[in-house]
Amino acid sequence: SLVRVGADVFETALATFEAALGKELHESVGERMKEVRAVLEDEGFAAKAFASLTERKSKILEMINDVDKVEGLKQDMLKNLVDVGDDSVAQASMLQQIIPAVEALLGARLMAEGGE
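So, how was this worked out
Residues numbered from 1 in each chain as written. Predicted model: local features only at pLDDT ≥ 70, side-chain atom pairs only at ≥ 80, totals over all residues. Heavy atoms only, no water. Helix = DSSP H or I, 4+ residues; strand = E, 2+ residues; numbered from the N terminus. Rg over C-alpha atoms; globule rule 2.2 N^0.38 Å. Buried < 20%, exposed > 50% of the residue type's maximum accessible area, 1.4 Å probe, protein only. Areas by Shrake-Rupley, 256 points an atom, 1.4 Å probe, with all protein chains shown as cover. Lys, Arg positive; Asp, Glu negative; His and termini not counted. Charge placed at Lys NZ, Arg CZ, Asp CG, Glu CD. Contact = heavy atoms within 4.5 Å. Salt bridge = Lys/Arg side-chain N within 4 Å of Asp/Glu carboxyl O. Core = buried A, V, L, I, M, F, W, Y, C linked by side-chain atoms within 4.5 Å. Axes fitted to C-alpha atoms, helices over the stretch in contact; angles between N-to-C directions. Nonpolar A, V, L, I, M, F, W, Y, C, P; charged D, E, K, R; others polar.

A. Structural detail: the overall build of the protein chain. Looking only at helices and strands, the protein chain has four helices and zero strands in total. Going residue by residue from the N terminus, the α and β elements of the protein chain occur as α-α-α-α. Relative to the globule expectation of 13 Å for 116 residues, the C-alpha radius of gyration of the protein chain, 20 Å, shows a markedly less compact shape. Seen along its three principal axes, the alpha-carbon backbone of the protein chain occupies a region of about 70 × 25 × 20 Å. A buried classification covers 25% of the 116 residues belonging to the protein chain. In the form shown here, the protein chain has an accessible surface area of approximately 7800 Å², with 60% of it arising from carbon and sulfur atoms. When the 13 positive and 22 negative side-chain charges of the protein chain are each reduced to one mean point, those points stand 5 Å apart.

Quick look at the structure:
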């Protein structure tokens, strides 16, 4: 029947769309992971973050009051990025937690969405 043909076409189109979306998510999250890791792996990250926190008189200083603590936090974030593995959905979830923390430490936005 015509309805069955329509359903088959729809299911095929949906499967194609889901595959493309999954591939796009995987690529975009992979790029974002690389960007965030590069920021955290910068040798000067802890010093820059601590200087920024100090300059802004951030309340974060109440919990993280020296460069060594920033360095420890940085190492924890890097470990979490590694431990999450290759699952794009898990990576995206981890990035949602880590990016705001990195931005709060640095007092600046990381690369804007859409690669600006």
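Having put the structure on the table, let's press on.
B. Fine view of the side chain of Q91. Along the chain, Q91 falls in helix 4 (residues 88–106). Judged by relative accessible area, which is 8%, Q91 ranks as buried. Setting aside chain neighbours within four positions, we find Q91 in contact with V29, M33, V84, G85 and D86.

C. Summary view of the pattern of salt bridges. Under the definition given, this model contains eight salt bridges. With a shortest N-O distance of 2.9 Å, E27 and K23 are connected by a salt bridge. Highlighted residues: E27 and K23, both in helix 1 (residues 2–41), separated by four residues, approximately one helical turn. A relative accessible area of 45% places E27 in the partly exposed class.

D. Structural context of the environment of D86. On the secondary structure map, D86 appears in the loop between helix 3 (67–83) and helix 4. Residues D86 and H26, spaced 60 residues apart in sequence, show a C-alpha to C-alpha distance of 9.0 Å.

E. Local environment of the nonpolar core. Within the largest apolar cluster, 22 residues are counted, with the highest numbers of intra-cluster contacts made by V36, L40, L81, I98 and L105. Breaking this core down by element, the ones donating at least two residues are helix 1, helix 2 (45–55), helix 3 and helix 4. Per element, the largest residue contribution to this core is six residues, and it comes from helix 4.

F. Representation of the packing of helix 2 against helix 4 within the structure. Close contact between helix 2 and helix 4 brings their axes to 7 Å; oriented N to C, the two are set at 65 degrees. Packed against helix 2, whose contacting residues are F45, K48, A49, S52 and L53, the element helix 4 presents V102, A104, L105 and L106 at the interface. Split into classes, the residues belonging to the contact of helix 2 with helix 4 amount to seven nonpolar, one polar and one charged.

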